[in-house]
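Chains, contacts and geometry: an overview
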Amino acid sequence: MSKVHEDQRITFVTGKGGVGKSTLAAAIALKLSMESESPALLVELGDSSYFEVLFEAGGIGYRPRSMRGNLDFALWSPENCLQDYVLHFLKIEKVVDLFFKNPVMKALINVAPGLAEVTLLGKATSGIRGVGSDLPYRHIVIDSPSTGHALALLRAPKALSEVFRIGPMGRESRRIHEVLIDSSKCSYVIVALPQELPRVETLELFHQIREEFGVVPKVYCNKILSPPLSESELEGILQTQTKGGISHFAKYLLDQLKREREHIDIMKAEVGWVGEVPLVLDSEPWKLIETLGEYVEPH
Amino acid sequence: MSLIDQLLTSKKVVVCVGTGGVGKTTLSATLGVRAAQMGLKALVLTIDPAKRLATSLGIVGWSGEEEVVRVPDQEFKGELFAAIVNSKKVFDRFIRRTAVSEEMAEKLLNNALYKQLSTKLSGSQEFTALERLYTFAKSQDYDVVILDTPPAQHAVDFLSAPHKLYQLFDESVIKWFASSSTGGGPFTKILNQATQKVFLTLERLTGSAFVGELGHFFSALKSWQKILQERTSGVHKLLTSSECSFVLVTSFDEAKIREGVGLHRELKRRGYFLGAMIVNRAFPVWLPSEVAVSEKFEHYEALLDYYEKLKRYYSKREEAYRWLEAQAQSVKVIRIPDFDQEVFTLGALVTLADLLGDLHVSN
């Protein structure tokens, strides 16, 4: 058995495509890493890293890379995670090599239904369950895929455990699912935008996660237009300024503020608390993430 | 004639690719509207449209049986049709239609793994989308068929999906499992020692139930290998033919644009024709170019300051656009502005389609 990290917490960050999931996940991870004594790990899933592009930083891979203070980044692919697990299980590197160099095995990892999902979540929950290589973090933040793919990912352990009631596959899947439905260990964050499509998708996902995993997700509304003027101040301007670019601009801001407020209110009415995150106009990535960090309340 | 009009009139198949959240579904519908405006009989195949857009297209409340619907309230020179591709239904139907026997079909459809996970099977959504595209394109019922591709983390996933699915039917995998599931362990005879060891390791790791079920799954799939192979090569032929064009949709996020450029290379490498790149929400129509005033008023400074900030924010994107244009080489880049309203209604789609029809791209 590896070290069990009883107090480790996993945060899954998801939402509709294009809402700014990754940057908000980074903001949450950065904030957690500054709050806690021990480091936080921000994880991307798949074969290529968005953060490598965003931060123009190479070397984000399976082995955690220190990015800033207490914050490490990693990129997990199903193949890496499975390899890690198999090595831990078999202990003999030669056999593991044989296993993964086998062409049939390679194809199988790609196509066996549910295997990739369970492997990724197996890795994510390995610190809590005390299996695999040590994952010495207080917080693990997972930049998860968008809505439909995230649900497919999270549902896989339960589905597999129902197909295989006995044997190691069923047992591991069941244990992974038990972590996913434990609100003291897992949190879910849904990122939305103050627009119709993301709002509708967010609310659907909110209910699905709450019902299927018994954990109430946290909803953040991202990229809210935040001019330094209030609605009434804008209305005041529009009373004197009726022509030209500046009045068009003020009119647009006012209409947009009202529209966005409606979407936020609908979400609040349905889910209770909604974190409001402004549209940050900084383009320097760390500055952007620090600023976003001011608006997230991870716990 | 605008670039988009040229594409729509000269191609029978248009495939819209791009990452999630860039407005791919809306643009696919818009291309359909534009085609109908020009007098064509057009079909838009979409995967998971938002409810309001689906309502505008008349495909909401659709009971699950795939149906082509004539888009209601249209007044086009041509005609616009729309359909949603239901992945699970299409896959099940494909299995039934192509099965050598009823019994084989039932065996697979009742396999526990298939039942639990057929909709999530790697590449199955992509496969079914292409399967429908192929069927409609071959039917010759439409002048042009426009496919909105499934949402994906990375746009390139769509291109690698057929290969992934094909791997599923890779003979070695099937042989391996088909022989292992016949019971009594005869697989030990045909497998070499190394593979045997790997197999036993997998069994130790996952349990005999898992390996057994996988075996049933793959052996049940075995009889579809040939038909799937044929269909895969048929689709490939269609996609690489002169009748087909890809359109890449991207948004004005630097990372998305970079990804778009990567996809462009990938399309080229695979022999696909990329007819246009569309940058959605490229610049805000609502941001005035001129805000000079004759007389200052209360809060003027704050308002002007915010205006300048937004302007800088968008001009940064302009730089990314120029970079994209330089990378795109021979492919034309079309920019669509960020409107101050979301596009849901047929009327809004028509406005957008008019715009696409007006965009003459200088060479």
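Let me begin by describing the structure that accompanies this report. This is a predicted model, so every value here is computed, not measured.

1. What to know about the environment of Gly61(A)
Residue and element names in this part refer to chain A. Within the element layout of this structure, Gly61 appears in the loop between helix H2 (50-54) and strand S3 (65-68). C-alpha separation for the pair Gly61 and Phe73, spaced 12 residues apart in sequence, amounts to 8.1 Å. Setting aside residues up to four positions removed in sequence, Gly61 forms contacts with Ala74 and Leu75.

2. Let's talk about empty space enclosed by the protein
Summed over the entire model, instances satisfying the criterion amount to five cavities of 30 Å³ or more. In this structure, the largest cavity encloses a volume near 310 Å³. If you go around the largest cavity, you meet 24 residues; those closest to its centre are Leu82(A), Tyr85(A), Val118(A), Thr119(A) and Glu172(A). Residue assignment for the lining of the largest cavity shows that the elements contributing at least two residues are helix H3 (78-90), helix H6 (115-124), helix H7 (126-129) and helix H9 (168-180) of chain A together with helix H11 (193-206) of chain B.

3. A short note on the packing of helix H4 (residues 87-98) of chain B against helix H5 (residues 102-109) of chain B
Residues and elements named next belong to chain B. The geometry of H4 relative to H5 is characterised by a closest axis approach of 8 Å and an angle of 150° between their N-to-C directions. When the axes of H4 and H5 are compared, the pair comes out roughly antiparallel. On H5, the residues that touch Asp92, Ile95 and Arg96 of H4 are Ala105, Glu106, Leu108 and Leu109. Its residues placed into classes, the contact of H4 with H5 shows four nonpolar, no polar and three charged.

4. Some points on the side chain of Lys24(B)
Residues and elements named next belong to chain B. By the secondary structure assignment, Lys24 is in helix H2 (residues 24-37). We note that Lys24 is buried and unpaired, the nearest opposite charge coming from Asp148 at a distance of 4.9 Å. Of note is the side chain of Lys24, whose polar atom sits 2.8 Å from the backbone oxygen of Gly18. In this structure, Lys24 is in contact with Cys16, Val17, Gly18, Thr19, Asp148, Thr149, Pro150, Pro151 and Val249, ignoring residues within four places of it in sequence.

5. Some thoughts on the interface of chain A and chain B
On the side of chain B, 64 residues touch chain A, which itself brings 63 residues to the contact. Interface area, chain A with chain B, both sides summed: about 5600 Å², of which 73% is carbon and sulfur. At the boundary of chain A with chain B, the tally comes to zero salt bridges. Among the elements that take part in the side of chain A that touches chain B, helix H12 (residues 244-271) of chain A stands out by supplying nine residues, more than any other. Per-class residue counts for the side of chain A that touches chain B are 41 nonpolar, 16 polar and six charged.

6. Observations regarding the nonpolar core
If you look at the biggest cluster of nonpolar residues, it comprises 80 residues, and the most contacted ones within it are Phe12(A), Trp76(A), Leu180(A) and Tyr188(A). No fewer than three residues from each of domain 1 (8-99 + 122-155 + 242-358) and domain 2 (169-225) of chain B sit in this core. Sequence-distant contacts of Tyr188(A), defined by excluding residues within four places in its chain, comprise Phe12(A), Leu154(A), Leu180(A), Ile209(A), Phe213(A), Val215(A), Pro217(A) and Lys218(A).

7. Topic: the pattern of salt bridges
Residues and elements named next belong to chain A. Tallied over the full model, the rule gives 22 salt bridges over all chains. Here Arg68 makes a salt bridge to Glu290, at a shortest N to O gap of 2.4 Å. With Arg68 in strand S3 and Glu290 in helix H13 (residues 285-293), this residue pair connects regions lying 222 residues apart in the sequence. Taking the shortest distance from any N to any O, the salt bridge between Glu172 and Arg129 comes out at 2.7 Å. Here the residue Glu172 occupies a position in helix H9, and Arg129 occupies one in helix H7, the gap between them amounting to 43 residues. The exposure class assigned to Glu172 is buried, which follows from its relative accessible area of 13%.

8. Looking at the sheet that holds strand S7 (residues 274-280) of chain B
Residues and elements named next belong to chain B. Taken in spatial order, the eight strands make up an open sheet running S3-S4-S2-S5-S1-S6-S7-S8, and their pairing is mixed. Of all strands in the sheet, those bounded by a partner on one side alone are strand S3 (69-70) and strand S8 (332-335). Of the strand pairs in this sheet, S3 and strand S4 (residues 79-84) are connected by two bridges, and their pairing is antiparallel. For Arg70, the partnering residue across the bridge sits in S4 and is Phe81. Sitting on the sheet, helix H1 (residues 3-10) is in contact with strand S1 (13-17), strand S5 (144-148), strand S6 (244-251), S7 and S8, with an inclination near 135° to S7.

9. Here's the deal with the packing of aromatic side chains
Following the criterion strictly, the structure yields 17 aromatic pairs over all chains and no others. Note on Tyr188(A) and Phe213(A): the rings are 6.0 Å apart at their centroids and 35° apart in plane angle, and the pair reads as tilted. Residue Tyr188(A) is located in strand S6 (residues 186-192), and its partner Phe213(A) is located in helix H10 (residues 196-213); the two are separated by 25 residues in the primary sequence. On the numbers, 4.8 Å between centres and 25° between planes, the contact of Phe246(B) with Tyr272(B) is stacked.

Calculation notes
Throughout this description, residue numbers start from 1 for each chain and increase along the sequence as written. Note on labels: chains are lettered from A, ligands numbered from 1, in written order. The predicted origin of the model limits local features to residues at a pLDDT of at least 70 and limits the giving and counting of side-chain atom pairs to 80 or more, whereas totals for whole chains, interfaces and linings rest on all residues. The side-chain quantities take in all heavy atoms of the structure and omit both hydrogens and water. Secondary structure elements follow DSSP: runs of H or I no shorter than four residues count as helices, runs of E no shorter than two count as strands, and numbering proceeds from the N terminus. The contact definition used throughout considers only heavy atoms, calling two residues in contact when any of these lie within 4.5 Å. A pocket, in this scheme, is an open set of points on a 1 Å grid over the protein atoms alone with protein on both sides within 12 Å along at least 5 of 7 lines, while a cavity is a set where a 1.4 Å probe fits but cannot get out; residues line either one if an atom lies within 4 Å of a point. Grid points are joined across faces, edges and corners, and a volume is the space filled by probe spheres set on the points. Comment: axis = line fitted to C-alpha atoms, over the contacting stretch for helices; angle = value between 0 and 180 degrees taken between N-to-C directions. Angular relationships are summarised with four words: roughly parallel below 35 degrees, roughly antiparallel beyond 145, roughly perpendicular across 65 to 115, and oblique for the angles in between. Three classes are used: nonpolar for Ala, Val, Leu, Ile, Met, Phe, Trp, Tyr, Cys and Pro, charged for Asp, Glu, Lys and Arg, and polar for all others, with Gly counted as polar. Exposure classes here rest on a 1.4 Å probe applied to the protein chains alone. A residue is buried below 20% of its type maximum, exposed above 50%, and partly exposed in between. When charges are counted, neither His nor the chain ends are considered; positive counts come from Lys and Arg and negative counts from Asp and Glu. The salt bridge definition used is simple: a Lys or Arg side-chain nitrogen within 4 Å of an Asp or Glu carboxyl oxygen. Within 3.5 Å is the distance limit for a polar contact, defined as a pair of N or O atoms, with the added protein rule that one can donate a hydrogen and the other accept it, and that residues adjacent in sequence qualify only through two side-chain atoms. Accessible area, probed at 1.4 Å, shrinks when two parts are joined; the buried area is that loss added up over both. As used in this record, nonpolar core signifies buried Ala, Val, Leu, Ile, Met, Phe, Trp, Tyr and Cys residues forming a set joined through side-chain atoms within 4.5 Å. Where each domain begins and ends is defined by an automated method or by a domain database. Criterion used throughout: strands pair if DSSP finds at least two bridges between them. Within 6.5 Å between ring centres, the rings of Phe, Tyr and Trp (the latter by its six-membered ring) count as paired, and their orientation is classed by plane angle as stacked under 30 degrees, edge-to-face over 60, tilted in between.

So, to be careful, I would describe these as geometric facts and stop short of saying anything about function.
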